[in-house]
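# Chains, contacts and geometry: an overview
As a plain string of letters, each chain reads:
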Amino acid sequence: MGTGTTSVATLYNIGEIFDPNAPAWDLNSYIPDPNENTTTVTNSFQDTSFKTIFDGVRSADNKALLTWNDKLDQVAQSYAGYLVDTGQFTHNGGGTDIETRVSASGYDAEWVGENLARGQQTEQAAMTAWENSTGHRENLLHEMAEEFGLGISGTGQDLTWVLVLANPCLPGESC
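This is a predicted model, so every value here is computed, not measured. (Residues numbered from 1 in each chain as written. Predicted model: local features only at pLDDT ≥ 70, side-chain atom pairs only at ≥ 80, totals over all residues. Heavy atoms only, no water.)

A few words on the side chain of threonine 96. For threonine 96, the location among the structural elements is in the loop between helix H2 (70-86) and helix H3 (98-104). For threonine 96, the side chain forms a polar contact with the main-chain oxygen of glycine 93, separated by 2.8 Å. In this view, threonine 96 contacts Trp25, Tyr79, His91 and Arg101; residues no more than four positions away in its chain are not counted. (Helix = DSSP H or I, 4+ residues; strand = E, 2+ residues; numbered from the N terminus. Polar contact = N/O pair within 3.5 Å; in protein donor to acceptor, adjacent residues only side chain to side chain. Contact = heavy atoms within 4.5 Å.)

This model, assessed by the stated rule, comprises five salt bridges. Note that lysine 63 and glutamate 143 form a salt bridge whose closest N and O atoms lie 3.0 Å from each other. Of this pair, lysine 63 sits in the loop between helix H1 (49-60) and strand E2 (67-68) while glutamate 143 is found in the loop between helix H5 (134-140) and strand E4 (147-153), placing the two residues 80 residues apart along the sequence. Exposure remark for glutamate 143: the relative accessible area of 60% places this residue in the exposed category. Arginine 101 serves as the salt-bridge partner of glutamate 114, at 2.8 Å between the closest nitrogen and oxygen. (Salt bridge = Lys/Arg side-chain N within 4 Å of Asp/Glu carboxyl O. Buried < 20%, exposed > 50% of the residue type's maximum accessible area, 1.4 Å probe, protein only.)

This next bit is on the pairing of strand E3 (residues 109-118). For E3, the tally of buried residues reaches nine of 10 residues, placing the bulk of the element in the interior. Note that E3 and strand E5 (residues 160-168) share nine bridges and pair antiparallel. Paired with glycine 113 across the bridge in E5 is leucine 165. (Pairing = 2+ DSSP bridges.)

Most often, soluble globular proteins have nonpolar side chains that are buried together. Residues Tyr82, Val102, Val162 and Val164 are the most contacted members of the largest nonpolar core, which totals 21 residues. Those elements that provide at least two residues to this core are H2, H3, E3 and E5. Top contributing element to this core by residue count: H2, with seven residues. Ignoring sequence-local partners within four residues, the contact set of valine 162 consists of Ala76, Tyr79, Ala80, Leu83, Glu114, Asn115, Leu116, Gly149, Leu150 and Gly151. By size, the runner-up hydrophobic cluster in this structure holds 20 residues, among which are Ile53, Leu66, Ala126 and Ile152. (Core = buried A, V, L, I, M, F, W, Y, C linked by side-chain atoms within 4.5 Å.)

Tallied over the full model, the rule gives five aromatic pairs. Here phenylalanine 50 and phenylalanine 54 contribute two aromatic rings whose centre-to-centre distance is 5.7 Å and whose plane-to-plane angle is 55°, an arrangement assigned as tilted. Highlighted residues: phenylalanine 50 and phenylalanine 54, both in helix H1, separated by four residues, approximately one helical turn. Phenylalanine 54 carries the same exposure label as phenylalanine 50, and that label is buried. Between phenylalanine 50 and phenylalanine 148, the ring centres sit 5.9 Å apart and the planes meet at 50°, which makes this aromatic pair tilted. (Phe/Tyr/Trp six-rings, centres within 6.5 Å; stacked < 30°, edge-to-face > 60°.)

Moving on to H2. When the terminal C-alpha atoms of H2 are compared, their 24 Å separation across 17 residues agrees well with the 24 Å that a helix rising 1.5 Å per residue should span. Burial analysis of H2 places 12 of its 17 residues in the buried class, the great majority of the element. Along H2, the positions that sit buried rather than exposed are Leu72, Asp73, Val75, Ala76, Gln77, Ser78, Tyr79, Ala80, Gly81, Tyr82, Leu83 and Thr86. Contact partners of the buried residues in H2: E2, H3, E3, E4 and E5. (Expected span 1.5 Å × (residues − 1).)

Two numbers describe how H1 lies on helix H4 (residues 123-131): the axes approach to 10 Å, and their chain directions differ by 25°. By the angle class used here, H1 and H4 are roughly parallel. Crossing angle aside, the handedness with which H1 passes H4 is right-handed. Listed contacts from H4 to Ser49, Phe50, Ile53, Phe54 and Val57 of H1 are Glu123, Gln124, Met127, Trp130 and Glu131. (Axes fitted to C-alpha atoms, helices over the stretch in contact; angles between N-to-C directions. Parallel < 35°, antiparallel > 145°, perpendicular 65-115°, else oblique. Left-handed = near helix turned anticlockwise from the far one by under 90°.)

The following block contains the structure:
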């Protein structure tokens, strides 16, 4: 992980839910099997719906648009599944933090950020909630953010959103 800063923001009205006895998080243990019926929402960017919403937020503030990244998407989806599976709502579940999770995917980052939300029923509702929260908005518009991934898991009021933002190290560069 690079020498840049890490930024995390959490949106919920219930407070942090952290279980120190929960199982360890593992990248591959919480990515849904697309062949199984699961409560995890398949995270397809072929329709680009979330990216379109995100592009609108960044362009309205004259910020560069972000690129979707498969590794960040896997981290976000895996962590969303983990949070729902373990009943937690924290940036530090399973003995990890966002830097550890991103690094586990093989993504070499100079900067990482993470937004969490729970209970919003649509991509637009999650984005609007993040836009209306100072810490989340700072992550959405962060100058170092270049790529992102979005994870969604759960149903109803347990629907959990994890947005992972990052700035990759340049090839051959030591971050």
